[in-house]
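# Structural overview
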Amino acid sequence: MLQLDNIRAGYKGTEALHGVSMWVDAGTIVSVVGSNGAGKSTTVNTISRLVTTYGGRITFEGRDITGLGPAEVVDMGIIQVPEGRQLFGPLTVAENLRLGFHRQRRVKNREAAFRDKLDYIYDLFPRLKERAGQRAITLSGGEQQMVAIGRALMAEPRLLLLDEPSLGLAPLIVEKIFDVLSGLRAQGLTMLLVEQHADEALALADYGFVLSVGKVTVHGPGVELRSNAAVTSSYLGHAGAA
Ligand SMILES: Nc1ncnc2c1ncn2[C@@H]1O[C@H](COP(=O)(O)OP(=O)(O)OP(=O)(O)O)[C@@H](O)[C@H]1O
Ligand SMILES: [Mg+2]
């Protein structure tokens, strides 16, 4: 569904990705793991066309998207849950969710479609229904991440990009969020998940890529990477998957 071929990308002439190739098959979760500064955010921001590409090619559903801008790839259904959530603090939960409902411009009976979508998000995250009228800035970190994911789902993604959804959250909340991602995959959604919590991310993923200083060092099925000695010693902080 998505393919990156030898991507070189970066900021104002400083290259941060030095020839990255990776792919995401439809209906799977692919995890990209690596330490701080490895280039994880740069990778997702390159796919969503927020970062300048110096070389290589990105293909989405058979179409070359390397020359497109951010609005165009959003229109194609590539939707990002950004690092740090990026909610509108003074707006309520429901208002933030409504901001995600923008791809369905030509839908008839738009208000009814919006309500259906909102019910779907509230089914996934019942906590958000209880807090629909609460300002986003007053939510807990976990609730904010639920809103960020919910807002992205409102846009009916074909490919969902998640940049460190677990950042700063307690293990129990991370588990809850990963359970939701697993449920979304069962519904057929395709996801690219960028994570520093490599162990959990690889346990969830069908396939994984390890990034180190702007290069892919290892890739393979998630379960294999979890038991790969080089990966475990560098990124997982334990001797191997149980
Ligand atoms: N806006 C920017 N301008 C210049 N350099 C940047 C910018 N954003 C990132 N970089 C550089 O690109 C490299 C990769 O950073 P990136 O944010 O992609 O890493 P990351 O893997 O997401 O790290 P983290 O786990 O800390 O989020 C780093 O060397 C970083 O300093
Ligand atoms: Mg990052």
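Definitions and cut-offs
Residues numbered from 1 in each chain as written. Chains lettered and ligands numbered in written order. Predicted model: local features only at pLDDT ≥ 70, side-chain atom pairs only at ≥ 80, totals over all residues. Heavy atoms only, no water. Phe/Tyr/Trp six-rings, centres within 6.5 Å; stacked < 30°, edge-to-face > 60°. Helix = DSSP H or I, 4+ residues; strand = E, 2+ residues; numbered from the N terminus. Lys NZ or Arg CZ within 6 Å of the ring centre and 35° of its normal. Domains from an automatic or database assignment. Contact = heavy atoms within 4.5 Å. Buried area = accessible area lost by both parts, 1.4 Å probe. Salt bridge = Lys/Arg side-chain N within 4 Å of Asp/Glu carboxyl O. Polar contact = N/O pair within 3.5 Å; in protein donor to acceptor, adjacent residues only side chain to side chain.

## Quick notes on the packing of aromatic side chains
- Under the counting rule described, the total for this entry stands at four aromatic pairs.
- Between W23 and F209, the aromatic rings sit 5.1 Å apart at their centres with planes inclined by 90 degrees, giving edge-to-face as the arrangement. Note that W23 is positioned in strand β2 (residues 14-24) and F209 in strand β9 (residues 207-212), a separation of 186 residues in sequence.
- One aromatic cluster in this structure is built from W23, Y207 and F209.
- Just above the ring of F114 sits the side chain of R98; from NZ or CZ to the centre is 3.9 Å.

## Here's the deal with the domain arrangement of the chain
- Per the domain assignment, the segments making up the chain are domain 1 (1-77 + 157-242) and domain 2 (90-155).
- Computed from C-alpha coordinates alone, the two centres of domain 1 and domain 2 are separated by 24 Å.
- With 17 residues of domain 1 in contact, the opposing surface of domain 2 contributes 14 residues.
- Here domain 1 and domain 2 share an interface that buries about 1200 Å² over both sides, 71% of which is from carbon and sulfur atoms.
- When the buried surface of domain 1 facing domain 2 is broken down by residue, D75, P157 and V180 rank first, second and third, together holding 30% of it.
- Counting the contacts that link domain 1 with domain 2 gives zero salt bridges.
- Along the contact surface separating domain 1 from domain 2 lie two residue pairs in polar contact (both at pLDDT 80 or more).
- Looking at which element gives the most residues to the side of domain 1 that touches domain 2, the answer is helix α7 (residues 171-186), with five residues.

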